[in-house]
Amino acid sequence: MRIKETEGVSASRKHLVFAYYVTGHGFGHATRVVEVVRNLILAGHDVHVVTGAPDFVFTSEVQSPRLFIRKVLLDCGAVQADALTVDRLASLEKYSETAVIPRKSILKTEVEWLNSIKADLVVSDVVPVACRAAADAGIRSVCVTNFSWDFIYAEYVMAAGQNHRSIIWQIAEDYSHCEFLIRLPGYCPMPAFRDVIDVPLVVRRVHKSRKEVRKELGIGEDVKLVILNFGGQPAGWKLKEEYLPSGWKCLVCGASDELPPNFIKLPKDAYTPDLIAASDCMLGKIGYGTVSEALAYKLPFVFVRRDYFNEEPFLRNMLEFYQGGVEMIRRDLLTGHWKPYLERAISLKPCYEGGVNGGEVAAHILQETAIGKNYASDKLSGARRLRDAIVLGYELQRVPGRDISIPEWYQTAEDELSLSTRSPPCISNESKSTVNLSTEDFEILHGNLQDLQDTVAFLKSLAELDTINDSERTSEKRYMRERKAAAGLFDWEEEIFVARAPGRLDVMGGIADYSGSLVLQMPIREACHVAVQKIHPSKHRLWKHTLARHNDKGQGSSPVLQIVSYGSELSNRAPTFDMDLSDFMDGDKPLSYEKAKKYFDKDPSQKWAAYVAGTILVLMTELGVRFEDSIGMLVCSAVPEGKGVSSSASVEVASMSAIAAAHGLSIEPRDLALLCQKVENHIVGAPCGVMDQMTSACGEANKLLAMICQPAEVLGLVEIPSHIRFWGIDSGIRHSVGGADYGSVRAGAFMGRKMIKSIASTMLSQSLPSSNGVNSYESEVDGVELLEAESTLDYLCNLSPHRFEAFYARNIPESIVGEAFSTKYGDHNDPVTVIDPKRIYGVRAPASHPIYENFRVKAFKALLTSSASDDQLTSLGELLYQCHYSYSACGLGSDGTDRLVQLVQEIQHSKTSKSEDGTLYGAKITGGGSGGTICVIGKNCLTSSRQILEIQQRYKDATGYLPLIIEDSSPGAGKFGHLRIRRRPNLKPS
């Protein structure tokens, strides 16, 4: 339901009492609450505000005996290390401490208080427990917000705190008790709410004119004025006079230090809307308050991304849709390279013309609800709908075309752009004419398209960049920022090198790779393309902020790396990255991997660049390559992120392949994969094995890459029999090998190996003749040799299952505290994980999994080459099931993947399937686990494909999420090679 902006609030016949709960996250919520509260009080009602914000936030705008402020904090929001950095784990722990542990007493206290003030309606922005307290008190409740904490915290749980998963369910269940949601513009998906009413922007009024404010501040109209609004300064940051261009002054909110003369310190209770109206632009972080007031008063907004706050992408896209935003990279904020951003900002003409009286409209709805009007529908209760829902945050609700909660303004923008979040769009296999178009666009000097339609599409999108003229580049509505940046990336007179690397489906082996297992991996159809061009520094067109940085340093022409990554618009990462290649040098030596990791960790919104730029440092360090030219790179990946299908490996392999080709380096696919693993392990800091990079580099279409990970011995390629087919089905739960669970399971496996070696050494010493010549361990010479090998065990998978069960399994503890392990055994000898002394690590399950998995993979490989039969498929499927449940025993399962595997089993054992002689035979979680994708094995027939689609639909019916289906295969980077292309002269614009 959408409420028009003309609907306001009028005095009610009945005096009402509202209890208005305000979240403890920042001032933005409190400032928008003020406007709703002001309108309720104007209508003659009492409003009790429950908040942790300072009184002046409310009393500066509302002076009335009908306003009551109760200082209570019932949630904590996101815990911030500084103005730009959210601590995800600390946020979950603080919420648990604030709202979960004392929950019973909170509910008791709030119910008593609500009854004592005789509240007619409870309003929440957006405190979860307030909705439940209202329900317990028998009072209706309404939420007013643009985001909900289940959405925000869900990504934190997946990335940093699996043990806090129950928080998401509790918050969502609390929200489900409210009558409906009054939804503000720039909203996130909020699956917990069953009924929604949209209102205009809620913004505070302006009290003084621009001229009046400037006169009070002593600032003339000839001075350009920027308001700095971060709600606190980033840690360790000191403002300097040279940060501002000549003729500029800066108003600073919340400054704690002495300021340079061209910076003006504002009191903490300064009324921001008046200051915004007097300014020429704003510099700050994105939040509802800053974005709504910037749009309402048509103030250009230079913004810097915050880390890990999922509300931001939606507000950012709204801001940019109305041509009001300029993104500044954090490095330039902190080093004072502000000039190009400020100059760009004042050239903008923000065009928001929508309503700004959302406070009045919301107050009217709240008044009518309190009187008794029913805005809610007769849908199933929120609690019922949530029973089987998977509330996932980032990935769940944001697949293009599948989410009715995507804001209308965003969908409109996406339609106008005719671009999806994964670029370029797919081209059907029937479109042979497109191949001709791509070869007409470019002269292919080396390489072959190999009939790969995604490569054809990439070349077509590359050619389209050359057709964007200067006037089109200024149209924010027509082209995404990433496309505009990419349009100026290449010199179309020079050669461009293109590489392609696919993702992979983990058929068997998975997390056993780091323990030396045999693995079987299938390169998938979805791939990453990277275009690279090396350019002499004197000819390189630099982005404005890069050029400004060079000018400030007095640098001449020096090599620069500029990267554009497609697909950033719906994720909280910057679409561009740039750096001086000299930053990769530490004196006369390449920068250490440790320092490089810190370099990329500084700004999480640009950390993705470590996967791409890190390949350059690895080539410098490992092969002694020196890069004297500038490098332009365009990264375009169709491999879905967070699905457990090696999106990161495909980016690394494609990036290094393209860079190597552009610089005349000949690197064997196996060696390239090992180099790319160094990028992920040491520069990105993810403790992955090598199978992902090996498959992406060495795989071939319609074959399984068989590899023993000791460290990377390719046994060969296993043909997939024509009667067998593999599918991947995405659970919607974001997977990350950088997550806590994967790392702890890996550490547990290495702890187990250390224990086995210790036990074997003890047994070996007891097996040697004692002083009286008697052996305490009766064994043959072969037994002693086995113990000698096991006492120096290099990989867990070199221990056979029967030896493990006979001599070691019973002596491996189920779990151990990190400190206890280190005290007894010392180091666990894993180069990519670190033992946390206070953490409890599972050991028995993580250690036994690779031992048995190696045996299962060997059996699977042998079965693939046996004669086709139902027994063959049943046995292959059973091996997948065993692997799946072994993952779960390690703690790497997930609700979503378990549900998908259960659906496969239900179809496999259904009467219909049996009557059709069976079609699906088994399934397992893949890759690093903890979500992501499952692998399904079945007959290669139409019935199997129909059953896969049935599973997809049944999963959507149960969870609200339509899974992505991964099918078909494609060649690895080594088989593809590279393309060397040049734009055909007659097609260049005049």
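For the structure itself, look to the data block above.
Residues numbered from 1 in each chain as written. Predicted model: local features only at pLDDT ≥ 70, side-chain atom pairs only at ≥ 80, totals over all residues. Heavy atoms only, no water.

### Brief notes about the overall build of the protein
Move 1: From N to C terminus, the protein includes 36 helices and 32 strands.
Move 2: Within the protein, the fraction of its 990 residues that count as buried is 61%.
Move 3: Accessible area of the protein: about 37500 Å², with a carbon and sulfur share of 50%. (Helix = DSSP H or I, 4+ residues; strand = E, 2+ residues; numbered from the N terminus. Buried < 20%, exposed > 50% of the residue type's maximum accessible area, 1.4 Å probe, protein only. Areas by Shrake-Rupley, 256 points an atom, 1.4 Å probe, with all protein chains shown as cover.)

### Quick look at the pattern of salt bridges
Move 1: Counting across every chain of the model gives 49 salt bridges.
Move 2: Between Glu221 and Arg210 there is a salt bridge, with the nearest N and O atoms lying 3.2 Å from each other. Separated by 11 residues along the polypeptide, Glu221 in the loop between helix 8 (210-217) and strand 10 (224-229) and Arg210 in helix 8 bring together distant segments of the chain.
Move 3: Here Arg210 falls in the partly exposed class, since its relative accessible area comes to 26%.
Move 4: Here the salt bridges do not stand alone but share partners, grouping Arg525, Glu526, Arg725, Glu967 and Asp968 into one network. (Salt bridge = Lys/Arg side-chain N within 4 Å of Asp/Glu carboxyl O.)

### Let's talk about the sheet that holds strand 15 (residues 325-327)
Move 1: With parallel pairing, the six strands of this open sheet are ordered in space as 12-11-10-13-14-15. Only two strands of the sheet have a single partner each, and these edge strands are strand 12 (263-265) and strand 15. Strand-to-strand twist of the sheet, defined as the mean angle between neighbouring strand axes without regard to direction, takes the value 25°.
Move 2: The sheet contact formed by strand 10 and strand 11 (residues 248-252) spans five bridges and is parallel. Within strand 11, the residue paired with Val226 across the bridge is Cys250. (Pairing = 2+ DSSP bridges. Axes fitted to C-alpha atoms, helices over the stretch in contact; angles between N-to-C directions.)

### Re the sheet that holds strand 31 (residues 965-966)
Move 1: As summarised here, the arrangement of the four strands in space is 29-30-26-31, forming an open sheet in which the pairing is antiparallel. The two strands at the open ends of the sheet, each matched to only one other strand, are strand 29 (920-925) and strand 31.
Move 2: Where strand 26 (residues 724-730) meets strand 30 (residues 933-939), seven bridges bridge the pair, whose relative direction is antiparallel. Looking at strand 30, one finds that Phe726 is bridged to Ile937.
Move 3: Against the sheet, helix 35 (residues 942-959) contacts strand 26, strand 29, strand 30 and strand 31, and its axis sits at roughly 10° relative to strand 26. (Contact = heavy atoms within 4.5 Å.)

### A few points about the pairing of strand 20 (residues 576-580)
Move 1: Counting buried residues in strand 20 gives five out of five residues, a clear majority hidden from the surface.
Move 2: Covered by surrounding structure in strand 20 are Thr576, Asp578 and Asp580 together with Phe577 and Met579, the residues of both alternating faces.
Move 3: Bridge count for strand 19 (residues 560-565) against strand 20 is five bridges, and the pairing is antiparallel. Each residue of the ladder has a partner; that of Val560, found in strand 20, is Asp580.

### Some words on the packing of helix 4 (residues 103-116) against helix 5 (residues 128-137)
Helix packing for two helices is described by the angle between their axes and how far apart those axes are.
Move 1: Relative to each other, helix 4 and helix 5 sit at 60°, their axes nearing to 9 Å. By the criterion of interaxial angle, the relationship of helix 4 to helix 5 is oblique. Relative to helix 5, the crossing made by helix 4 is right-handed. Between helix 4 and helix 5, the residues in contact are Arg103, Ile106, Leu107, Glu110, Val111, Leu114 and Asn115 and Val129, Arg132, Ala133, Ala134, Asp136 and Ala137, respectively.
Move 2: Here the residues of the contact of helix 4 with helix 5 sort into eight nonpolar, one polar and four charged. (Parallel < 35°, antiparallel > 145°, perpendicular 65-115°, else oblique. Left-handed = near helix turned anticlockwise from the far one by under 90°. Nonpolar A, V, L, I, M, F, W, Y, C, P; charged D, E, K, R; others polar.)

### Quick notes on helix 3 (residues 88-100)
Move 1: End to end, helix 3 covers 17 Å across 13 residues, agreeing with the expected 18 Å (1.5 Å per residue, within 8%).
Move 2: Those residues of helix 3 that fall on the buried side of the exposure criterion are Arg88, Ala90, Ser91, Leu92, Tyr95, Ser96, Thr98 and Ala99.
Move 3: Measuring from the backbone nitrogen of Leu89 back to the side-chain oxygen at the start of helix 3 gives 3.4 Å, which picks out Asp87 as the cap. (Expected span 1.5 Å × (residues − 1). Polar contact = N/O pair within 3.5 Å; in protein donor to acceptor, adjacent residues only side chain to side chain.)

### Concerning helix 35
Move 1: With 18 residues, helix 35 ought to run about 26 Å at 1.5 Å a step, and its terminal C-alpha atoms sit 26 Å apart, in line with that.
Move 2: Looking one or two residues past helix 35, Gly960 carries a phi angle of roughly 85°, positive in sign.

### A short note on the nonpolar core
Move 1: Grouped together as the largest cluster of nonpolar side chains are 64 residues, with contacts concentrated most on Phe18, Tyr20, Phe58, Ile182 and Leu366.
Move 2: Here the element with the most residues in this core is helix 1 (residues 28-42); it accounts for seven residues.
Move 3: The contact partners of Tyr20, leaving out residues within four places of it in the chain, are Val33, Val36, Val37, Val47, His48, Val49, Val50, Val123, Asp125 and Val144. (Core = buried A, V, L, I, M, F, W, Y, C linked by side-chain atoms within 4.5 Å.)

### Here we look at the side chain of Asn262
Move 1: Positionally, Asn262 belongs in the loop between strand 11 and strand 12.
Move 2: Ignoring anything within four residues of it in the chain, the contact list for Asn262 reads Glu241, Leu244, Trp248, Lys249 and Cys250.

### Overview of the packing of helix 23 (residues 609-623) against helix 25 (residues 669-684)
Move 1: For the pair helix 23 and helix 25, interaxial distance at closest approach is 9 Å and the crossing angle is 110°. Between helix 23 and helix 25, the angle falls in the class roughly perpendicular. Of the two possible hands of crossing, helix 23 and helix 25 adopt the one that is right-handed. On helix 25, the residues that touch Ala610, Tyr611, Gly614, Thr615, Leu617, Val618, Leu619, Glu622 and Leu623 of helix 23 are Leu675, Lys678, Val679, Glu680, Ile683 and Val684.
Move 2: Class assignment of the residues belonging to the contact of helix 23 with helix 25 gives a composition of 10 nonpolar, two polar and three charged.

### Observations regarding the packing of aromatic side chains
Move 1: Per the stated rule, a full pass over the model turns up 22 aromatic pairs.
Move 2: Between Tyr95 and Tyr153, the ring centres sit 5.4 Å apart and the planes meet at 65°, which makes this aromatic pair edge-to-face. Within this pair, whereas Tyr95 is found in helix 3, its partner Tyr153 is found in helix 6 (residues 149-160), the two being separated by 58 residues in sequence.
Move 3: We classify Tyr95 as buried; its relative accessible area is 4%.
Move 4: On the basis of relative accessible area, Tyr153 is assigned to the buried category, the value being 0%.
Move 5: Both rings, one in Phe301 and one in Phe303, keep their centres 6.4 Å apart while their planes meet at 80°; by these two values the pair is edge-to-face. Take Phe301 and Phe303: they sit in the same class, and that class is buried.
Move 6: Counting every residue linked through ring pairs, the aromatic cluster contains Tyr95, Phe147, Trp149, Tyr153 and Tyr156. (Phe/Tyr/Trp six-rings, centres within 6.5 Å; stacked < 30°, edge-to-face > 60°.)

### Quick word on the environment of Leu459
Move 1: Looking at the secondary structure, you find Leu459 in helix 18 (residues 453-465).
Move 2: Note: C-alpha distance between Leu459 and His529 (70 residues apart in sequence) is 9.6 Å.

### What to know about unusual backbone geometry
Move 1: Geometrically, the link from Asp125 to Val126 is a cis peptide bond, its omega value of -15° lying close to zero.
Move 2: Structurally, Val126 is set in the loop between strand 6 (121-125) and helix 5.
Move 3: With an omega of -5°, the peptide bond running from Gln710 to Pro711 counts as cis.
Move 4: Mapped onto the fold, Pro711 is located in the loop between strand 24 (703-708) and strand 25 (713-719).
Move 5: Even without being glycine, Gln323 reaches a positive phi, approximately 55°.
Move 6: One can find Gln323 in the loop between helix 11 (312-321) and strand 15.
Move 7: Of note in this structure, Gln450 is not a glycine but carries a positive phi near 55°.
Move 8: Relative to the helices and strands, Gln450 is located in the loop between strand 16 (442-446) and helix 18.

### Observations regarding the state of the cysteines
Move 1: According to the stated counting rule, one finds zero disulfides in the structure shown.
Move 2: Residue Cys143 stays outside any disulfide, its sulfur separated by 3.5 Å from that of Cys131, the closest cysteine. (Disulfide = S-S within 2.5 Å.)

### Notes on the side chain of Arg305
Move 1: Looking at where Arg305 falls in the secondary structure, it is placed in the loop between strand 14 (301-304) and helix 11.
Move 2: For Arg305, the side chain forms a polar contact with the side chain of Glu327, separated by 2.6 Å.

### What to know about the environment of Leu518
Move 1: Relative to the elements of secondary structure, Leu518 occurs in strand 18 (residues 518-535).
Move 2: Looking at Leu518, the relative accessible area reads 4%, which means it is buried.
Move 3: C-alpha of Leu518 to C-alpha of Val714: the two residues are 196 residues apart in sequence and 9.4 Å apart in space.
Move 4: Not counting residues up to four positions away in its chain, the partners in contact with Leu518 are Gly509, Ala706, Met707, Ile708, Leu715, Asn854, Val857, Lys858 and Lys861.

### Quick word on the environment of Glu110
Move 1: By the element assignment, Glu110 lies in helix 4.
Move 2: Overall, the relative accessible area of 3% leaves Glu110 in the buried class.
Move 3: Sequence-wise, Glu110 and Ala133 are 23 residues apart; in three dimensions their C-alpha atoms are separated by 6.1 Å.
Move 4: With residues up to four places along the chain from it excluded, the contact list for Glu110 reads Tyr21, Arg70, Leu74 and Ala133.

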